[in-house]
Each structure stands twice: as structure tokens, then as C-alpha cells.
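# Chains, contacts and geometry: an overview
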Amino acid sequence: MDLIFATRNRHKFEEVREMASVYGIKLKMYRGPREEIQSDKLEEIAKHSAIVACTALKRPCFAEDAGLFVKALHGFPGPYSSYAFKTIGNDGLLKLMAGEGNRGAEFRSAIAYCEPGSRPVVFSGNVRGYIASARRGSGGFGFDPIFIPIGGDGRTFAEMSIDEKNKFSHRAKAFEKFLKWYIQRKKA
Ligand code: ITT
């Protein structure tokens, strides 16, 4: 079984590729036209990306939108995570958090699956954690070096292997839901 993931982010692709392979699903990466809408809802952004990719490919595919929501910053950068990462980055976020006692944060993921002629179906996942006091680790991508998941051993996502990150991550949770739904549907 093949499944197409419309993303330009190789790290995201690698994270879910491992999970799909367990179910005998071969994931393919589609780096097609990029047209992300401005919205404060990850679900709406993911749906739009999935529709654009599905229309261009004329084949079923899924897209994902994810973001880091920091409590003390009233949810910033949230749906603007990509832009915030490119502009202020991890160091900028750490500066915004300097002296802040409430370091609670959450990663959220929305995966939208679309088939030609149908409305997209959305699956969500989240992981709660803390913003570290300094960058740690060299793995992963984006805000991984400053995010410590609750329930872990204090390491940041960037200090974990893909398998370890997948035990906690927002993306793994959303993808697991999607995979279960997708496999059931194929059987039906
Ligand atoms: P797409 O092509 O799939 O859209 P992207 O990198 O633009 O890839 P998103 O818009 O979904 O991805 O993600 C926005 C940003 O949020 C991303 O660039 C990272 O900086 C951050 N982010 C999302 N998930 C993350 C994760 O698992 N670990 C670290 N940072 C993450």
C-alpha cells in the first residue's frame, strides 16, 4: 500500500515514515506547489494544503500543519510557528521567555487526508511539555532543541531518536489516529 504525504519537510516525513512501515504502508513524499493559507486554525491550514495537493496530484494524499503553543506567550507562535522559526528562531523564543516562571507549552498537529472529489478528513494530536532554559540536542528540527515533553526523562526532543520522539509527539499521535482510520477503511 502506498500513501502520499504532501510536505516539504523531510524531518516530518521521516518521523511518520517509520510509523507507516510498521503497518506495511510505503510513504511517498510529494513536494508539490506550496500555497499555505493564513489562518489561526491548524486544521484549516492542513485541510487547505491537502486539497491543493490532492487537486494537483489527482490522487489521495495527506498534509499536516503543526505548531508550538507557548502558554506565557498566549499561544504564540502557534499557527505562525514556521514564520517565527525562520525569523526569531529558538534563540529568539528563549529570549522572549527569559525570566518567565511559567514555561508550559504544547505542540499540536493536524493531519488532513483528502481523496479526489471528497472533503478532507482531519486527525489531531498534541503533546504538553516545557520550554527548556537553553537549547539542547542536535536531532530533530524546528523547536525540538527547546521542547521537553511531559512524561519523559527531561531530555528535549532534539536529544531523542525518531522512535523516542514518536512515543510522545503531537505528530505521532495524530498520525496513529489517521493510520488506524485509514487501515480500517481499506479493509471495509
Ligand atoms: P510542510 O511542508 O509540511 O508545511 P513545514 O516545516 O512548513 O512543512 P509546518 O508549517 O507544519 O511545517 O510547521 C511549522 C513549524 O513549526 C515548523 O517549521 C517548525 O519550526 C515547527 N514545528 C512543527 N512541528 C515540529 C516538531 O515536531 N518539532 C519541532 N518543531 C516543529
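Anything mentioned here points back to the structure above.
About the criteria used
- Residues numbered from 1 in each chain as written.
- Predicted model: local features only at pLDDT ≥ 70, side-chain atom pairs only at ≥ 80, totals over all residues.
- Heavy atoms only, no water.
- Helix = DSSP H or I, 4+ residues; strand = E, 2+ residues; numbered from the N terminus.
- Expected span 1.5 Å × (residues − 1).
- Buried < 20%, exposed > 50% of the residue type's maximum accessible area, 1.4 Å probe, protein only.
- Contact = heavy atoms within 4.5 Å.
- Polar contact = N/O pair within 3.5 Å; in protein donor to acceptor, adjacent residues only side chain to side chain.
- Patch = residues over 30% accessible without salt bridge, like charges linked within 9 Å, V, L, I, M, F, W, Y side chains within 5 Å.
- Areas by Shrake-Rupley, 256 points an atom, 1.4 Å probe, with all protein chains shown as cover.
- Salt bridge = Lys/Arg side-chain N within 4 Å of Asp/Glu carboxyl O.

## Observations concerning helix 1 (residues 10-22)
- Under the 1.5 Å per step criterion, the end-to-end length of helix 1 is 19 Å for 13 residues, consistent within 8% with the ideal 18 Å.
- Here helix 1 has its buried residues at Lys12, Phe13, Glu14, Glu15, Val16, Met19 and Ala20.
- At its buried positions, helix 1 is contacted by strand 1 (2-6), strand 2 (26-30), strand 3 (61-70), helix 5 (162-168) and helix 6 (170-187).
- Where helix 1 begins, the capping side chain belongs to Asn9, and its oxygen is found 2.9 Å from the backbone nitrogen of His11.
- Phi for Gly24, located one or two positions after helix 1, is positive at around 75°.

## Some remarks on helix 4 (residues 89-96)
- Listed in full, the buried residues belonging to helix 4 are Gly89, Asn90, Gly92, Leu93 and Leu94.
- Elements in contact with the buried residues of helix 4: strand 3, helix 3 (81-87) and strand 5 (121-131).

## Some remarks on a nonpolar patch on the surface
- A cluster of nonpolar side chains, contributed by Phe76, Ile88 and Leu96, occupies part of the molecular surface with about 240 Å² of accessible area.
- Inspection of the secondary structure puts Phe76 in the loop between strand 3 and helix 3.
- Since its relative accessible area comes to 32%, Phe76 is described here as partly exposed.

## Describing unusual backbone geometry
- Cis geometry marks the peptide bond from Phe76 to Pro77; its omega dihedral reads -5°.
- The residue Pro77 is located in the loop between strand 3 and helix 3 in this model.
- One non-glycine residue, Lys58, adopts positive backbone phi at about 60°.
- For Lys58, the location among the structural elements is in the loop between helix 2 (42-57) and strand 3.
- The exposure class of Lys58 is exposed, given its relative accessible area of 66%.

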